[in-house]
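Geometric and topological summary
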Amino acid sequence: MKILLRHTSIDFSHYDAVFLHETFAVISFRVRSEIEEKCMQLPLVFENGRAAREAYKRILQGRNTGASSVSISDFDCSWPKETAQKIEQYAQHMYDFDRPIEV
């Protein structure tokens, strides 16, 4: 599932859990253990807890219904885009490395 933000997107397939920290207006995404074994989490930071809660509901609803994408682009939030890109590149390298060679 893709989570669509204003200026980027989150590929949820690289994360195995999502947590709401409403008091701090943060949703954190835990990187899959196959990619990073030390339970690294990336924060999606919102202006307030209410916005974080609403975005979290959309994400869970999309995940639970098997949606291919969910848009939270109407919320003002920040995401560590460079770190997320490194995770995506590393995951892609791992998946390519494990793919059998076709003859």
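The paragraphs below set out a description of the structure included in this document. Everything numeric here is computed off the predicted structure, so don't read it as measured data. (Residues numbered from 1 in each chain as written. Predicted model: local features only at pLDDT ≥ 70, side-chain atom pairs only at ≥ 80, totals over all residues. Heavy atoms only, no water.)

1. Details of the pattern of salt bridges
Convention followed: Criterion for a salt bridge: a side-chain nitrogen of Lys or Arg within 4 Å of a carboxyl oxygen of Asp or Glu. Each helix is a run of DSSP H or I of at least 4 residues and each strand a run of E of at least 2, with the numbering of both proceeding from the N terminus. Here's how the labels work: a residue is buried when its accessible area is under 20% of the maximum for its type, exposed when over 50%, partly exposed in between, all with a 1.4 Å probe on protein chains only.
The tally for this structure, following the rule as stated, stands at six salt bridges. One salt bridge connects Asp 76 with Arg 6, and the closest N-O pair in it is separated by 3.6 Å. Taken together, the residues span a long stretch of sequence, with Asp 76 in the loop between strand S6 (69-71) and strand S7 (77-78) and Arg 6 in the loop between strand S1 (2-4) and strand S2 (9-11) at a distance of 70 residues. A relative accessible area of 39% means that Asp 76 is categorised as partly exposed. Judged by its relative accessible area of 47%, Arg 6 falls in the partly exposed class.

2. A closer look at the nonpolar core
Put simply, the rule is: We call a set of buried Ala, Val, Leu, Ile, Met, Phe, Trp, Tyr and Cys residues a nonpolar core when their side-chain atoms join them within 4.5 Å.
Membership of the largest hydrophobic core comes to 27 residues, with the highest contact counts inside it found for Tyr 15, Ile 27, Phe 29, Leu 44, Phe 46, Ile 72 and Trp 79. Elements supplying a minimum of two residues to this core: strand S3 (15-21), strand S4 (26-31), strand S5 (41-46), helix H1 (49-65) and helix H2 (81-98).

3. Considering H1
We count it as follows: Given a helix with a known number of residues, its expected span is that number minus one, times 1.5 Å. As used here, the arc is the angular range of directions from the helix axis to the C-beta atoms. Contacts between residues were defined by any pair of non-hydrogen atoms, one from each residue, lying within 4.5 Å. Polar contact is defined as a pair of N or O atoms within 3.5 Å, subject to the rule that within protein one atom must be able to donate a hydrogen and the other to accept it, and that residues adjacent in sequence are counted only when both atoms are side-chain atoms.
With 17 residues, H1 ought to run about 24 Å at 1.5 Å a step, and its terminal C-alpha atoms sit 24 Å apart, in line with that. Within H1, burial applies to Gly 49, Ala 51, Ala 52, Ala 55, Tyr 56, Ile 59, Leu 60 and Gly 62. For H1, the arc enclosing every buried residue in end-on projection is 165 degrees, short of the 170-degree limit, so these residues lie on one face. Opposite the buried face of H1, by more than 90 degrees, sit the exposed residues Arg 50, Gln 61, Asn 64 and Thr 65. Here the buried face of H1 lies against S1, S3, S4, S5 and S6. Put simply, Asn 48 is the residue that caps the front of H1, since its side-chain oxygen is 3.1 Å from the backbone nitrogen of Arg 50. A positive phi of about 75 degrees marks Gly 66, the residue just after H1.

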